[in-house]
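Results of the structural survey
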Amino acid sequence: MESILANLSFEFAVAVVKLCDNIKNRPILKNQLIKSATSIGANIREANYAYSRAEFAAKLQIALKECNESQYWIELMAATDGMSKEQATLLLNSCGTIRYKLIRSLNTVKRNGT
């Protein structure tokens with residue numbers, strides 16, 4: 001779990017930061033997107049050093065919330081012409097993949113007991 005999710009979330013964060021570096025308008029939206037997108041991977045990495053299953057699940061849950069928040073900012077940026085529809089689609093697909101894997105991981109943790 002760690003390497004796949006950690007790698008996907010890192011690649012997503014890099015893509016978001018690079019894209020936002022090239023966007024000249026919407027500074028507040030860019031900052032919000034960068035914060036939420038980079039927080040996903042940070043929480044996934046923190047989860048891997050959790051003291052308990054409950055803390056592990058809590059960190060993954062935070063990563064999932066940040067993933068959902070990132071989706072919101074991407075959609076808002078696209079709707080306000082802050083990024084192209086193509087750029088948004090690529091990021092939304094990556095975000096969706098991460099969200100799917102986070103949900104599966106959380107379901108596994110819950111099934112095995114926290």
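Throughout what follows, the structure given in this document is the object of discussion. Please read these numbers as outputs of a predicted model, since none were measured by experiment. Along each chain, residue indices are assigned from 1 in the same order as the chain's sequence is written. In view of the model being predicted, local features appear only for residues whose pLDDT reaches at least 70, and side-chain atom pairs are presented and counted only at 80 or more, with totals across whole chains, interfaces and linings using the full set of residues. Each side-chain value is worked out from all heavy atoms of the structure, with water and hydrogens disregarded.

Overview of the packing of aromatic side chains
Rules: Centres within 6.5 Å are what make two rings of Phe, Tyr or Trp a pair, Trp counting through its six-membered ring; a difference in plane orientation under 30 degrees is then read as stacked, over 60 as edge-to-face, and the rest as tilted. With a 1.4 Å probe rolled over the protein chains alone, any residue whose accessible area is under 20% of its type maximum counts as buried; one over 50% counts as exposed, and the rest are partly exposed.
Across all of its chains, the model carries one aromatic pair by this definition. Plain terms: the ring middles of Y72 and W73 are 5.0 Å apart, the flat faces sit at 70 degrees to each other, and that makes the pair edge-to-face. By relative accessible area, Y72 is classed as partly exposed at 47%.

A short note on the side chain of S70
Our working rule: Secondary structure elements are defined from DSSP: runs of H or I of at least 4 residues count as helices, runs of E of at least 2 residues count as strands, and each element is numbered from the N terminus.
Among the structural elements, S70 can be located in helix 3 (residues 53-79). A relative accessible area of 0% means that S70 is categorised as buried.

Brief notes about the pattern of salt bridges
A side chain with one charge can pair with a side chain of the opposite charge if their charged atoms come near. Quick note on the threshold: Here, a salt bridge means any side-chain nitrogen of Lys or Arg that lies within 4 Å of a carboxyl oxygen of Asp or Glu.
Counted under the stated rule, the structure contains one salt bridge. Between E46 and K59 there is a salt bridge; the shortest N-O distance is 2.7 Å. Note that E46 is positioned in helix 2 (residues 27-47) and K59 in helix 3, a separation of 13 residues in sequence. Classification of E46 by relative accessible area gives partly exposed; the value is 41%.

A look at the packing of helix 2 against helix 3
Stated formally: Helix axes are fitted only over the stretch in contact, all axes being lines through C-alpha atoms; the angle between N-to-C directions runs from 0 to 180 degrees. Orientation labels follow simple angle bins: below 35 degrees gives roughly parallel, above 145 gives roughly antiparallel, 65 to 115 gives roughly perpendicular, and whatever is left gives oblique. Each crossing gets its handedness from the near helix: less than a right angle anticlockwise from the far helix is left-handed, clockwise is right-handed. When residue character is reported, Ala, Val, Leu, Ile, Met, Phe, Trp, Tyr, Cys and Pro are called nonpolar, Asp, Glu, Lys and Arg charged, and the others, Gly included, polar.
Running from N to C, helix 2 and helix 3 cross one another at 160 degrees; their axes reach a closest spacing of 8 Å. Taken as axis vectors, helix 2 and helix 3 run roughly antiparallel relative to one another. Our pair here, helix 2 against helix 3, has a crossing hand that is left-handed. Split by residue class, the contact of helix 2 with helix 3 holds 15 nonpolar, five polar and five charged.

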